[in-house]
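# Structural features, examined
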Amino acid sequence: MKNFISVNDVADIDALVAKALDFKANPLTSQALGSNKRIGLLFLNPSMRTRLSTQIAAENLGMKVIVFNVGQDGWALEFEDEAIMSGNTVEHVKDAAPIMGKYFDVLGIRTFPSLQNKVDDYSELYINQFIKYAGIPVLSLESATLHPLQSLTDIITIRETFREKRKPKIVLTWAPHVKALPQCVANSFSQWINAWGESDFVITHPEDYELDEKFTKGASIELDQKKALKDADFVYVKNWSTYTDYGRIYCNDPSWMLTNDKLQLTNNAKVMHCLPVRRNVELSDEILDGANSVVTRQASNRVWAAQAVLHELLTNKLQ
Amino acid sequence: MKNFISVNDVADIDALVAKALDFKANPLTSQALGSNKRIGLLFLNPSMRTRLSTQIAAENLGMKVIVFNVGQDGWALEFEDEAIMSGNTVEHVKDAAPIMGKYFDVLGIRTFPSLQNKVDDYSELYINQFIKYAGIPVLSLESATLHPLQSLTDIITIRETFREKRKPKIVLTWAPHVKALPQCVANSFSQWINAWGESDFVITHPEDYELDEKFTKGASIELDQKKALKDADFVYVKNWSTYTDYGRIYCNDPSWMLTNDKLQLTNNAKVMHCLPVRRNVELSDEILDGANSVVTRQASNRVWAAQAVLHELLTNKLQ
Amino acid sequence: MKNFISVNDVADIDALVAKALDFKANPLTSQALGSNKRIGLLFLNPSMRTRLSTQIAAENLGMKVIVFNVGQDGWALEFEDEAIMSGNTVEHVKDAAPIMGKYFDVLGIRTFPSLQNKVDDYSELYINQFIKYAGIPVLSLESATLHPLQSLTDIITIRETFREKRKPKIVLTWAPHVKALPQCVANSFSQWINAWGESDFVITHPEDYELDEKFTKGASIELDQKKALKDADFVYVKNWSTYTDYGRIYCNDPSWMLTNDKLQLTNNAKVMHCLPVRRNVELSDEILDGANSVVTRQASNRVWAAQAVLHELLTNKLQ
């Protein structure tokens, strides 16, 4: 694995999941691999789980970690080629990234979309510029359109909690929210579940909330949430803003919020969410505090997902 | 010791002080205890001494440390049960705390009072919610009403500098300030000195600045500062805002500032302050720069107080 | 070396450069020296390269590192003696610095000039107060008038890339910028190159942009940029605001920006810049992306400069 930006960087999803579960059982077995290696974690946006879990994962592998809040600790970055930098940006990624490549062995980057310009966001300019100029493995800590560490975590959690021989039915359902959120988690979950191919995968959302087909192709789209939920083994709850007419909130219908009533339609489904979650807006207290929620397990699996990926990046680097 | 929130968590104050002084003499004797253990230090408010000394203490015990500025690095937290989170808070403590409990072995939290609502502040909702949901030992880095690491440090410093057989006279005196400050340090110092029981303890403050009796009971209250200071061995200087009519500044009389003249009334008293201190407002240059000030010694003892407490929390966890 | 504030703290520049290049070849040879030692890195202003490279350098020497953003993580500091602190500053350096001296073995400080008051800035009040009160070695991470770690890096880079027997011609040229910047890098580079004495050193800038003679004495001043550039082996590009009529922008003439055309006048000069650089304002894309730029090499040499200096400070401390 050269970089970790999307599921396309993964040769074998099940092998990566197995590696993560091995680390969960024995966190410190590969401390020599990362010894005298250093990862830089660059945050252009806030983060809690990603920040903490990736640092812990790297330290479990024996790495040193430096966390850097770009624009808060340092300087606002410019990403446009040939920019005349007479505005607010102080440093170009073409200058910053190669230096990161000298200081670090692996570079993690979080960079959210603007939700203003679909073409720019979906070109993944920011993280691609880092890949182009850093010269070291780049690890996405969530980019403009995808959140691959989350999706790997999600599959680890599904693998861990579903012990039947048949394929599980997995439903990704849109949920209400007060702010316009990125499509990253939904895009990425769709992309990974489709690539994994080990489930019956249904996506449900209000009209006009369709995601980019590039990621959803292979899933069934069902606009009736109740129909979608029927017999589900896993319900992944997540809000996203509109993709087609980009970055808007068309619907905030509270009836889309998952409740225990709706959970009755499922096969006693496990309920998933990437967190942070707006309680009683996106997801009800009764679900989050109930026996079906696996959100804490998901979040704690973030460590093992990151550790498996870093192990791959470091091993590849040594080859 | 299961958590460290107040003096009530301490079985034997003198034993804890002795442990701290042992670490001061030999900082690195217990490095194995914290090896492969990790503490998270969550700051909902600024901090210098607490931040630095607790990190150093944890590292002295062999622990790994992650410092996290909540709301700046990550997301603003919600603490009210059953909140409908359609406002500014992004994540509920019910969701965040259990994850901290998975990532860390011990969790330190700093959370100041609002000074707007006495009932809420004095219920210690924030830190209690963390204790309720984290499932790991919680260490107060100063909460809405108390600052126990500071108070332990204060007793360590008194123990270190007072070598006579008799009980010392300790005076806690209110001092002027330009801002409305929490009652935490004064509450906590009162609570600890009373629980310790090894002194003649007097509290002096302007009318209407009485503290919560829950913490001061056992101390003498003397509204005449000069009378209070007479023959004192230690003078602890600290501003606080009003408790009864909550969070106000009634008095800013500069004559309450401690000076060398007033120090003449004492038994050559050592002068204490938790810092940060507003020079020439709370406390005069002549005192702070003089031979009687022990404020630097106090601040440096913060390391050993934190190390003794973390040692207790880790030892208890292993049992 | 007791502190590292300017070239005056260096007994032998060439020996320090040689030490840095030794560390570049073998980064981890002195890990025992810093073992159980701790450096505090205090930032009163933003930083990227300095922050990262100094932390890496310290860790290469086996030290523990704590980075602290003053005023963001903690409290705004007061530096004036005898201040009546009834304003916005919360803690006096007289109280904060001695505590840093207890917590750390070495203290690094970044503190920019105000550019409002020349006398204050050029007195270096802030860093001098830290030296006066900390009681441990102080390392400048860029102060009001100087940036010695950058200048050492610059000489390392010149030494590394110039292999001829003769002295190189080095030209420091002013460049346009949209903001009023400190004179630190230009002052410090001038001071070091003059003290080094191993070059033919020319400074070129628009009228009224003369630097403080204290630093430039020994260099030739040539106001015609093209004449200055003739046969140069190194061109150091940097903006600074006016010194005499302090902190202003008199000229923003884009013709002062270095281009490939102008580079033709030189002896195929290496182009240097301390970064961050405003592309196509201070320095053109064609130069920065061309073969003559050594800016990434410079930035990566920051690690070895810091490591050599920390090695000196620790060695001196042990004596």
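What counts, and at which threshold
Residues numbered from 1 in each chain as written. Chains lettered and ligands numbered in written order. Predicted model: local features only at pLDDT ≥ 70, side-chain atom pairs only at ≥ 80, totals over all residues. Heavy atoms only, no water. UniProt positions renumbered as here; feature names shortened; annotations may be inferred. Helix = DSSP H or I, 4+ residues; strand = E, 2+ residues; numbered from the N terminus. Rg over C-alpha atoms; globule rule 2.2 N^0.38 Å. Buried < 20%, exposed > 50% of the residue type's maximum accessible area, 1.4 Å probe, protein only. Contact = heavy atoms within 4.5 Å. Buried area = accessible area lost by both parts, 1.4 Å probe. Salt bridge = Lys/Arg side-chain N within 4 Å of Asp/Glu carboxyl O. Polar contact = N/O pair within 3.5 Å; in protein donor to acceptor, adjacent residues only side chain to side chain. Phe/Tyr/Trp six-rings, centres within 6.5 Å; stacked < 30°, edge-to-face > 60°. Patch = residues over 30% accessible without salt bridge, like charges linked within 9 Å, V, L, I, M, F, W, Y side chains within 5 Å. Areas by Shrake-Rupley, 256 points an atom, 1.4 Å probe, with all protein chains shown as cover. Lys, Arg positive; Asp, Glu negative; His and termini not counted. Charge placed at Lys NZ, Arg CZ, Asp CG, Glu CD. Axes fitted to C-alpha atoms, helices over the stretch in contact; angles between N-to-C directions. Parallel < 35°, antiparallel > 145°, perpendicular 65-115°, else oblique. Nonpolar A, V, L, I, M, F, W, Y, C, P; charged D, E, K, R; others polar. Domains from an automatic or database assignment. Least-squares fit on C-alpha atoms with pLDDT ≥ 70 in both. Pairing = 2+ DSSP bridges.

Chain A is annotated in an unreviewed UniProt entry as N-succinylornithine carbamoyltransferase from Ohtaekwangia koreensis. Under the UniProt heading Catalytic activity (unreviewed entry), the entry covering chain A gives this text: "N(2)-succinyl-L-ornithine + carbamoyl phosphate = N(2)-succinyl-L-citrulline + phosphate + H(+)". Per its UniProt entry, chain A bears the Sequence similarities (unreviewed entry) comment "Belongs to the aspartate/ornithine carbamoyltransferase superfamily. SOTCase family."

Moving on, we come to the overall build of chain A. Along chain A, the regular secondary structure elements total twelve helices and eleven strands. The globule rule puts the C-alpha radius of gyration for 319 residues at 20 Å, and the 19 Å found for chain A is close to it. Each principal axis of the C-alpha atoms in chain A carries an extent, and together these give about 55 × 50 × 30 Å. Each of the 319 residues in chain A was classed as buried or not, and the buried ones make up 65%.

A few words on the interface of chain B and chain C. Accessible area lost when the parts come together is the quantity often used to give the size of an interface. Every contact between the two is made by 32 residues of chain B and, on the other side, 30 residues of chain C. A buried area of about 2,600 Å², summed over both sides, lies between chain B and chain C, and 60% of it is on carbon and sulfur atoms. It is M48, R278 and R279 of chain B that lose the most area in chain B upon contact with chain C, and together they represent 23% of the buried surface on that side. Linking chain B to chain C there are four salt bridges. The residue D95 of chain C makes a salt bridge to R279 of chain B at a minimum N-O spacing of 2.8 Å. Where chain B touches chain C, the interface holds ten residue pairs in polar contact (both at pLDDT 80 or more). Elements with a contribution of two residues or more to the side of chain B that touches chain C: helix 2 (49-60), helix 11 (285-288) and helix 12 (295-318) of chain B. No other element matches the eight residues that helix 2 of chain B contributes to the side of chain B that touches chain C.

Another point: the packing of aromatic side chains. All told, the structure shown has 30 aromatic pairs over all chains when counted by the stated rule. For the pair W174 of chain A and W256 of chain A, a centre-to-centre distance of 6.0 Å together with 90° between the ring planes defines the contact as edge-to-face. You can see W174 of chain A sitting in strand 7 (residues 169-174) and its partner W256 of chain A sitting in the loop between strand 10 (234-238) and helix 10 (260-263), a full 82 residues away along the chain. Plain terms: the ring middles of W174 of chain B and Y209 of chain B are 4.7 Å apart, the flat faces sit at 55° to each other, and that makes the pair tilted. In this pair, W174 of chain B is assigned in strand 7 (residues 169-174) and Y209 of chain B in the loop between strand 8 (200-204) and helix 8 (213-216), connecting sequence segments 35 residues apart. In this pair, the class of W174 of chain B matches that of Y209 of chain B, namely buried. Taken together, F79, Y126 and F130 of chain A form an aromatic cluster joined through their ring pairs.

Take a negative patch on the surface next. All names here are of chain A. A contiguous patch of negative charge, built from E80, D81, E82 and D120, is present on the exposed surface. Counting through the fold element by element, E82 comes out in the loop between strand 3 (77-78) and strand 4 (91-92). With relative accessibility at 65%, the residue E82 sits in the exposed group.

By the secondary structure assignment, N128 of chain A is in helix 5 (residues 125-134). Measuring from C-alpha to C-alpha, the distance between N128 of chain A and F79 of chain A comes to 9.8 Å, with 49 residues separating the pair along the chain.

Right, let's get into helix 3 (residues 93-103) of chain A. The periodicity of an α-helix, 3.6 residues per turn, causes residues three or four positions apart to be oriented the same way. With ten of eleven residues buried, helix 3 of chain A lies mostly within the body of the structure. Among the residues of helix 3 of chain A, those classed as buried are V93, K94, D95, A96, A97, P98, I99, M100, G101 and Y103 of chain A.

This part takes up the UniProt feature "binding site: N(2)-succinyl-L-ornithine" (unreviewed entry) in chain A. The UniProt feature table records "binding site: N(2)-succinyl-L-ornithine" (unreviewed entry) at E142, H177, K238 and R278 of chain A. With respect to the helices and strands, the residue K238 of chain A is situated in strand 10. With near-sequence residues (within four places) excluded, K238 of chain A lies in contact with L172, T173, W174, A175, L181, V185, C274 and E282 of chain A. A relative accessible area of 3% means that R278 of chain A is categorised as buried. When residues no more than four places from it in sequence are discounted, the contact partners of R278 of chain A are H177, V178, K179 and L283 of chain A together with M85, S86, G87, N88, T89 and V90 of chain B.

All names here are of chain A. Following both chains from N to C, one finds helix 1 (residues 13-25) and helix 6 (residues 148-161) inclined at 75°, their axes separated by 10 Å at the closest point. The orientation of helix 1 with respect to helix 6, classified from their angle, is roughly perpendicular. Together, I13, D14, L16, V17, A20, L21 and K24 of helix 1 and L152, I155, I156, R159 and E160 of helix 6 make up the contact between the two elements. Of the residues that constitute the contact of helix 1 with helix 6, the class distribution is eight nonpolar, no polar and four charged.

Listed as interface residues are 30 residues of chain B and, on the opposing side, 32 residues of chain A. Summed over both partners, the interface of chain B with chain A buries about 2,600 Å², with 60% contributed by carbon and sulfur atoms. At the surface where chain B touches chain A, the tally comes to five salt bridges. In this structure, R38 of chain B engages E59 of chain A in a salt bridge whose closest nitrogen and oxygen atoms are separated by 2.7 Å. Taken together, chain B and chain A are joined by 13 residue pairs in polar contact (both at pLDDT 80 or more).

Attention now moves to the environment of W75 of chain C. Examined against the element boundaries, W75 of chain C turns out to sit in the loop between strand 2 (64-69) and strand 3 (77-78). Separated by 13 residues in the primary sequence, W75 of chain C and N88 of chain C place their C-alpha atoms 9.6 Å from one another. Look past the residues within four positions of W75 of chain C in its chain and what remains in contact with it is P46, S47, M48, R49, R110, F112 and P276 of chain B together with V70, V90 and E91 of chain C.

The next subject is the pattern of salt bridges. Considering all chains together, one arrives at 50 salt bridges over all chains under this definition. With its nearest N and O atoms 2.6 Å apart, the salt bridge here joins K19 of chain C to E312 of chain C. One end of the pair, K19 of chain C, is in helix 1 (residues 13-25); the other, E312 of chain C, is in helix 12 (residues 295-318), with 293 residues separating them in the sequence. Classification of E312 of chain C by relative accessible area gives partly exposed; the value is 25%. Here the salt bridges share partners, and the residues they tie into one network are K94 and D95 of chain A together with R279, D285 and D289 of chain C.

All names here are of chain A. Domain boundaries in chain A define domain 1 (7-146 + 299-318) and domain 2 (148-295). Put simply, the middle of domain 1 and the middle of domain 2, counted by C-alpha atoms, are 25 Å apart. The interface is formed by 33 residues belonging to domain 1 together with 33 residues belonging to domain 2. Across the interface of domain 1 and domain 2, roughly 2,800 Å² is buried in total on both sides, 66% from carbon and sulfur atoms. Contact with domain 2 buries area across many residues of domain 1, yet L115, Y122 and L146 alone supply 25% of it, more than any other trio. Joining domain 1 to domain 2, the criterion identifies two salt bridges. Residue R159 is joined to D14 by a salt bridge in which the shortest nitrogen-to-oxygen separation is 2.6 Å. Applying the counting rule to domain 1 against domain 2 returns 13 residue pairs in polar contact (both at pLDDT 80 or more).

Bringing the relation of the copies chain B and chain A into the picture now. If you rotate chain B by 120° and push it 0.0 Å along the axis, it lands on chain A with an RMSD of 0.0 Å. Taken together, the turn and the small shift mark the pair as related by a three-fold rotation axis. The position closest to the rotation axis in chain B is occupied by the C-alpha of Q72 of chain B, lying 5.5 Å away. Interface residue correspondence from chain B to chain A reaches only 3%, placing this contact among heterologous pairings that use different surfaces.

Moving on to the sheet that holds strand 10 (residues 234-238) of chain C. Residues and elements named next belong to chain C. Ordered by their spatial adjacency, five strands build an open sheet running 9-8-7-10-11, and the pairing between neighbours is parallel. Only two strands of the sheet have a single partner each, and these edge strands are strand 9 (220-221) and strand 11 (270-272). Pairing between strand 7 (residues 169-174) and strand 8 (residues 200-204): five bridges, direction parallel. Within strand 8, the residue paired with K169 across the bridge is D200. Its contacts with the sheet place helix 7 (residues 184-196) against strand 7, strand 8 and strand 10, and it is angled at close to 165° to strand 7.

Right, let's get into the environment of L52 of chain A. Among the structural elements, L52 of chain A can be located in helix 2 (residues 49-60). With residues near it in sequence (within four places) discarded, L52 of chain A still touches I66, F68, M100, Y103 and F104 of chain B.

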